[in-house]
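Summary of the model geometry
Listed here are the chains, written in short residue letters.
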Amino acid sequence: MTKEFPINQNLTRVVPNIIRAYDDRFSQIDDIIKLTIGEPDFNVPEVSKQAVIDSVTADDSHYAPALGTIPLRHAISDFLLDRYDLNYSAEEEIIVTVGATEAIYDTIAAFVNPGDKVLIPTPTFPLYESDTLIIGADPVLIDTEKDGFILTADALRAVLDEYGDAAKVLVLNYPGNPTGRTYSADELKALAEVLADTNIVVIADEIYSELVYDEPHHSIAEYLPEQTLILNGVSKSHAMTGYRLGFIAGPKPLIKGPALVHQVAVTTTPNPMAAAATVALGTPEGKAATEEMKVAYKERRDYLVKSLHELGFELENPEGAFYLFPRILPSYGNDDGQFAIDLAEEAHVATVTGQAFGPGGEGHFRISYASSLETLQEAVARLTEFVNKHA
Ligand SMILES: Cc1ncc(COP(=O)(O)O)c(C=O)c1O
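What counts and how
- Residues numbered from 1 in each chain as written.
- Predicted model: local features only at pLDDT ≥ 70, side-chain atom pairs only at ≥ 80, totals over all residues.
- Heavy atoms only, no water.
- 1 Å grid on protein atoms, 1.4 Å probe; cavity = no way out; pocket = protein on both sides within 12 Å on 5 of 7 lines; lining within 4 Å.
- Points joined across faces, edges and corners; volume = space filled by probe spheres on them.
- Helix = DSSP H or I, 4+ residues; strand = E, 2+ residues; numbered from the N terminus.
- Nonpolar A, V, L, I, M, F, W, Y, C, P; charged D, E, K, R; others polar.
- Domains from an automatic or database assignment.
- Contact = heavy atoms within 4.5 Å.
- Buried area = accessible area lost by both parts, 1.4 Å probe.

**Some words on the layout of surface pockets**
Quantified by volume, the largest pocket comes out at close to 1,000 Å³. Lining of the largest pocket is provided by 42 residues; of these, Asn17, Ile19, Phe125, Pro126 and Leu127 occupy positions nearest its centre. The set of elements that each furnish at least two residues to the lining of the largest pocket consists of α2 (18-27), α5 (99-111), β3 (117-122) and α6 (127-135). Of all the elements, α6 adds the most residues to the lining of the largest pocket, at five residues. Residues belonging to the lining of the largest pocket are distributed by class as follows: 20 nonpolar, 14 polar and eight charged. The two domains that each donate at least three residues to the lining of the largest pocket are domain 1 (9-43 + 287-390) and domain 2 (51-283).

Structural data, given as structure tokens:
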């Protein structure tokens, strides 16, 4: 007889991620160009590789302080001061985490109880909803499609009117996955004004902050410092996804909860990876490496946006990250699943269906341009044939 093991019922609320399912299916196709992955195609900067080697050679093998190594926390503090003119104490207001992924869990877990609402503008990265469900709270998905994938102050006000004090947390991800859209300083100020009258904690996932192509990136923490936790890391800015180093920065009263979750769940982060992140964020070489990647991403974005427009795709302006989120061809109506399947099976170009990113995502597809320009040029050639056949 098979045993029925106990299960935390919250786990049963989490829907398996369909991005993986599509990716597995498309990976079986011969000669497929995969524009599915949210992962830089660059190598880790040389200074960071050397820092790992030096850390290992120096037998830097003991537990770091719970909040992360002191040099890394100082590098993060300096980084935030340099970018946003914000002061976070390296001793007390920064937590080094296992990627932004852990930072998302730590922060949501710290502020909600069963029945509480976590406000999540969509379409978006699926983890916020999954984490909220695992923790036992309720996600409130706010469809932003009609506003060009930006949460407006009016839309936020309407949601707050509906949920009142049950709303505990707002997650804002910008530049956004999957849309590439970001918020201007004025848009952030308008949201901050609405939020200032509430006790809501803002979790600002700014993992793509270094990849904004036209205007400087602003953090909502500049306008709402006492209510905001900034989440960031080196995964995207320094092509260090596998090094698993991220961070949370926020004022002392807000950082205590996430720090406790972090300590209980992971104790601390690995020293060699912390050394790599320290030089990535804290040296001119680290900054130059990001600049080099940014130039390449911008060239790819400009090429793809122009090509997609020429092919007749509707597309909101993607200011950052490395994603485009166009509407599918009108001949497919709103069926982004079938569109992505046909595009993969007939044209051998794999993308991600928009519905994977929640309400407002249907009828769209996500293209990741974390691939070489040559690969993107071949993808556009294939896409052109596909459009000619299906338009
Ligand atoms: C918006 C967003 N946040 C967080 C992450 C995860 O970052 P990390 O690899 O640092 O855990 C991703 C990865 O794709 C992402 O797109």
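The structure having been displayed, the exposition proceeds.
**Side note on empty space enclosed by the protein**
What the rule picks out here adds up to four cavities of 30 Å³ or more. Estimated volume of the largest cavity: approximately 170 Å³. Along the wall of the largest cavity there are 18 residues; nearest its centre are Pro121, Pro123, Thr124, Phe149 and Asn173. Looking at the lining of the largest cavity, the elements that each hand over two or more residues are β3 and β5 (167-173). Residues that form the lining of the largest cavity fall into these classes: ten nonpolar, seven polar and one charged. Put simply, the parts of the chain that give the lining of the second largest cavity at least two residues each are β12 (365-368) and α13 (373-390). The greatest single-element share of the lining of the second largest cavity, amounting to three residues, is contributed by α13.

**With respect to the domain arrangement of the protein**
Under the domain assignment, the protein is made up of domain 1 (9-43 + 287-390) and domain 2 (51-283). The C-alpha centroid of domain 2 is placed 25 Å from the C-alpha centroid of domain 1. Between domain 1 and domain 2, the contact holds 38 residues from the first and 40 residues from the second. Carbon and sulfur atoms make up 56% of the surface buried where domain 1 meets domain 2, a total of about 3,200 Å² over both sides.

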